[in-house]
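# Secondary and tertiary structure notes
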Amino acid sequence: MSDFEAFYRGTAPRLMRFAYGLTGGLAEAQDFTQEAYARAWQRWASLQRYDNPEAWLRLVVTRLATDWWRRLTVRRSADLPDPPNVPPPDEELMTVVAALKTLPIDQRRALAMHYLLDQPVAEIAVELSVPVNTVKSWLARGRAGLATALGERSHVN
């Protein structure tokens, strides 16, 4: 067993408890402990000559935890604007969207671009790299499919 492995086995449970005590969170404690040992491994040649290498690990964990708490405090104290009050979609819109989901993607996309974005058929054809008649076909089939889907829904309700 290497010196580092023996050091790790002898100190890891204590360092983990220490990190947990600082953070109050198991995930953070595990992350900070792992990071401290990764740093120790990189510096093991010099660190093993310290009087108390475990104290160095505790210092690393303390700094990681302090930085973590600072970031949390800054995030919590940031003066974020209130989210805009957006009313929920009305029932009709939700019904139409549910009906749209039953259509093939090409028809759905053509209907959305034409009716929701007010794009003319020619622009849709250019954007989708298809002939104008293909877009017209998608729109016609999409409207028929939408009518069928909405008709079925009105019979269910």
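An unreviewed UniProt entry lists the chain under the name RNA polymerase sigma24 factor, with Catellatospora coxensis given as the organism. In its Sequence similarities (unreviewed entry) section, the UniProt record describing the chain reads: "Belongs to the sigma-70 factor family. ECF subfamily."

## Comments concerning the overall build of the chain
Tallying secondary structure elements over the chain gives 8 helices and 0 strands in all. In the chain, the order of α-helices and β-strands from amino to carboxyl end is α-α-α-α-α-α-α-α. In terms of overall dimensions, the chain is more spread out than a globule: its C-alpha atoms have a radius of gyration of 31 Å, far above the 15 Å expected for 157 residues. Dimensions of the chain along its principal axes, counting C-alpha atoms only, are 80 × 35 × 35 Å. Per-residue burial over the chain gives 28% buried out of 157 residues.

## Section: the UniProt feature "domain: RNA polymerase sigma-70 region" (unreviewed entry) in the chain
Look at the UniProt record and you will see "domain: RNA polymerase sigma-70 region" (unreviewed entry) annotated at residues 8–72. Helix and strand shares over residues 8–72 are 88% and 0% respectively, and the end C-alpha atoms of the span are 30 Å apart.

## A word on the packing of aromatic side chains
The tally for this structure, following the rule as stated, stands at 9 aromatic pairs. Judged by centre distance (5.0 Å) and plane angle (65°), the rings of F4 and W41 are edge-to-face. Here F4, found in helix α1 (residues 3–23), pairs with W41, found in helix α2 (residues 26–42); they are 37 residues apart in sequence, far enough to count as distant. F4 sits in the buried class, given a relative accessible area of 11%. Considering the side-chain rings of Y8 and Y37, the 4.7 Å spacing of their centres and the 75° angle between planes classify their relative orientation as edge-to-face. Placement of the pair is Y8 in helix α1 and Y37 in helix α2, with a sequence separation of 29 residues. On the accessibility criterion, Y8 (41% relative accessible area) is partly exposed. Taken together through their ring pairs, the aromatic side chains of F4, F7, Y8, Y37, W41 and W44 make up a single cluster.

## Some thoughts on the UniProt feature "domain: RNA polymerase sigma factor 70 region 4 type" (unreviewed entry) in the chain
Residues annotated in UniProt with the feature "domain: RNA polymerase sigma factor 70 region 4 type" (unreviewed entry) correspond here to residues 96–144. What you have in residues 96–144 is 78% helix and 0% strand, and the ends, taken at the C-alpha atoms, are 13 Å apart.

About the criteria used
- Residues numbered from 1 in each chain as written.
- Predicted model: local features only at pLDDT ≥ 70, side-chain atom pairs only at ≥ 80, totals over all residues.
- Heavy atoms only, no water.
- UniProt positions renumbered as here; feature names shortened; annotations may be inferred.
- Helix = DSSP H or I, 4+ residues; strand = E, 2+ residues; numbered from the N terminus.
- Rg over C-alpha atoms; globule rule 2.2 N^0.38 Å.
- Buried < 20%, exposed > 50% of the residue type's maximum accessible area, 1.4 Å probe, protein only.
- Phe/Tyr/Trp six-rings, centres within 6.5 Å; stacked < 30°, edge-to-face > 60°.

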